[in-house]
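Listed here are the chains, written in short residue letters.
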Amino acid sequence: RSSGGRAIAGGARGGGLQGTLPYMSPEQALGQEVDARSDIFSFGTVLYEMATGRCPFEAEGAMAIVARILEAEPEPPARLQPGLPAAFERVLNRCLRKKPAERYDDARELVRALLDLRGAAPAGGGGAETAEQGSGTVALSPTTIAVFPFTVRGSDRFGYLREGMVDLLSTKLDGAGDLRSVDAHVVLGNLAREAGGAVSPDRAQGLAERLGAGLFVLGNVLEAGGQVQLNATLYEACGGAQAVTRGSVQGDADGIFGMVDDLTTQLLTGRCGGPETRFTRIAALATGSFAALKAYLEGEAEMRAMRREPAVEAYRRSVAVDQGFALAWYRMSVAALWSGQADLALEAARQALRHRARLSERDGRLLEAFHAVLQADNDEAERLYRSVLGTYPDDVEAWYQLGEIQFHAGPLRGRPIGDSR
């Protein structure tokens, strides 16, 4: 807790503060009772700085630092250091919870969480060294993806795409929602140390496991008569090389970069997953821009992590590229309301309604119901959500929003709050 000589005068016995201000827990900065969970917070600030090179609550002046400790959430660590594993970020975030009850109870629990991270592969590289220096067993991350060299058939003109596709696809896939790519240099460096030859699915699976990647991509480039075809397969590394989805695009050789965008979109939308899969597939159909799609998926990942303001900014980037992307406008509206930006929520919903023709029938109805929520027309919103559930009884969002309406508005209409459960 004493870093950089920034301790402030006073001590606990004298009724003042003791410690280094930027590393204090909220309760310590307020002069309240502290326990081991305060140390967990201070440890988290040091760990954050070690991982990102930046103090999470740094500001100009003591009062500004205290304000940040009490109110501000630190910048997401992976945004400052993209190679950080998601599991590490979750541990770090729990250490830095404002409320002591939401942190680890004591150092033993924190140590167990850190030990569970052993072998987790960084998204941006370094996983190979971890595997080789440790036990050789690396925990596979279901959201870490490795792209391997493509096979090139046809003109030597496209030979650069053998390794070039590793770099291109890794860059495209990294940050698309919850996905993190193993750095292309790490993949190619590991292959360079092995025997040459084509990369088979079995060989790729072994290397993916060493890198901690639960997903990997193999593909080929075919050229004939000035036309190029790109084929790729997305595999799961766990339990054998299981093909998840395939993508294929064809076009003029001059449009190779646009083809890579289309191929990436196909791999993303064919990927099996949780409840977000439907939104991913619909989003891919609702915009012709991969840049807009990727920003949208970043917003969805932020929403799942309950980081509402970063989600709003990601959706902003999405609609800046494609102003008619109704689904991104709609999700921005939801994120804005949950982050306390009611005016933005209403404006984004209006923009989504303006481009409603680009929504599916289901999402158009969800949007209409949410717009009724924003206008405080609770009776209409409830009617609309019940209508959605009549057609789609498994729609999680409709159930959740119906519960929200019953929780907040039900008692005002003489209905038991328990209905919301």
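The paragraphs below set out a description of the structure included in this document. (Residues numbered from 1 in each chain as written. Predicted model: local features only at pLDDT ≥ 70, side-chain atom pairs only at ≥ 80, totals over all residues. Heavy atoms only, no water.)

### Some thoughts on the overall build of the protein chain
- Check the secondary structure of the protein chain and you find 19 helices and six strands.
- Out of the 421 residues belonging to the protein chain, those deemed buried represent 49%.
- Within the protein chain, counting contacts between residues at least 6 apart in sequence, those at least 24 apart form 54% of the total. (Helix = DSSP H or I, 4+ residues; strand = E, 2+ residues; numbered from the N terminus. Buried < 20%, exposed > 50% of the residue type's maximum accessible area, 1.4 Å probe, protein only. Contact = heavy atoms within 4.5 Å.)

### Regarding empty space enclosed by the protein
- For the structure shown, the criterion picks out one cavity of 30 Å³ or more.
- Roughly 40 Å³ of volume is contained in the largest cavity.
- Surrounding the largest cavity, Ile-145, Leu-173, Leu-179, Leu-215, Leu-234, Leu-267, Leu-268 and Arg-271 form its lining.
- Here the lining of the largest cavity is built from residues that sort into seven nonpolar, no polar and one charged. (1 Å grid on protein atoms, 1.4 Å probe; cavity = no way out; pocket = protein on both sides within 12 Å on 5 of 7 lines; lining within 4 Å. Points joined across faces, edges and corners; volume = space filled by probe spheres on them. Nonpolar A, V, L, I, M, F, W, Y, C, P; charged D, E, K, R; others polar.)

### Some remarks on the pairing of strand S4 (residues 213-224)
- With nine of twelve residues buried, S4 lies mostly within the body of the structure.
- Bridge count for strand S1 (residues 141-147) against S4 is four bridges, and the pairing is parallel. Of the residues in S4, the one forming a bridge with Ser-141 is Ala-213.
- Across three bridges, strand S2 (residues 151-153) lies against S4 in parallel orientation. (Pairing = 2+ DSSP bridges.)

### Focus: helix H5 (residues 86-95)
- Inspection of H5 places Phe-88, Glu-89, Val-91, Leu-92 and Cys-95 among the buried residues, and these make up the whole buried set. Looking straight down H5, one finds that the buried residues subtend no more than 160 degrees of arc, so they occupy a single side.
- Against the buried residues of H5 lie helix H2 (36-52), helix H4 (77-80) and helix H6 (107-115). (Arc of directions from axis to C-beta.)

### Quick word on the packing of aromatic side chains
- As enumerated under the stated definition, the model contains seven aromatic pairs in all.
- The interplanar angle of 15 degrees and the centroid separation of 5.7 Å between the aromatic rings of Phe-41 and Phe-57 together place this pair among those described as stacked. Of the two residues, Phe-41 is situated in helix H2 and Phe-57 in the loop between H2 and helix H3 (62-71); the sequence distance between them amounts to 16 residues. Across the pair, Phe-57 and Phe-41 agree in class, each one buried. (Phe/Tyr/Trp six-rings, centres within 6.5 Å; stacked < 30°, edge-to-face > 60°.)

### A few points about the nonpolar core
- Met-165, Val-217, Leu-230 and Tyr-296 are the most contacted members of the largest nonpolar core, which totals 70 residues.
- Contact partners of Leu-230, with chain neighbours within four places excluded, come to Met-165, Asn-220, Val-221, Gly-247, Ser-248, Val-249, Ile-256, Met-259, Val-260 and Leu-263.
- Counting 22 residues, the second largest nonpolar core, distinct from the first, contains Met-24, Tyr-48, Val-91 and Cys-95. (Core = buried A, V, L, I, M, F, W, Y, C linked by side-chain atoms within 4.5 Å.)

### So, the pattern of salt bridges
- Counting across every chain of the model gives 23 salt bridges.
- With a shortest N-O distance of 2.7 Å, Arg-317 and Glu-298 are connected by a salt bridge. One end of the pair, Arg-317, is in helix H14 (residues 308-321); the other, Glu-298, is in helix H13 (residues 290-304), and 19 residues separate them in sequence.
- The partner of Asp-395 in a salt bridge is Arg-362, with the nearest N and O atoms 2.9 Å apart. Taken together, the positions of Asp-395 in the loop between helix H18 (378-391) and helix H19 (396-409) and Arg-362 in helix H17 (residues 361-374) put the pair 33 residues apart, joining distant regions of the chain.
- A residue is classified by how much of its surface remains accessible, and Asp-395, at 2% relative accessible area, is buried. (Salt bridge = Lys/Arg side-chain N within 4 Å of Asp/Glu carboxyl O.)

### Comments concerning the environment of Val-187
- By the element assignment, Val-187 lies in helix H9 (residues 184-192).
- On the basis of relative accessibility, which here comes to 0%, the residue Val-187 falls in the buried class.
- As for Val-187 and Asp-167, which are separated by 20 residues in sequence, their C-alpha atoms are 9.8 Å apart.
- Setting aside chain neighbours within four positions, we find Val-187 in contact with Ala-146, Val-147, Phe-148, Val-182, Leu-207 and Leu-211.

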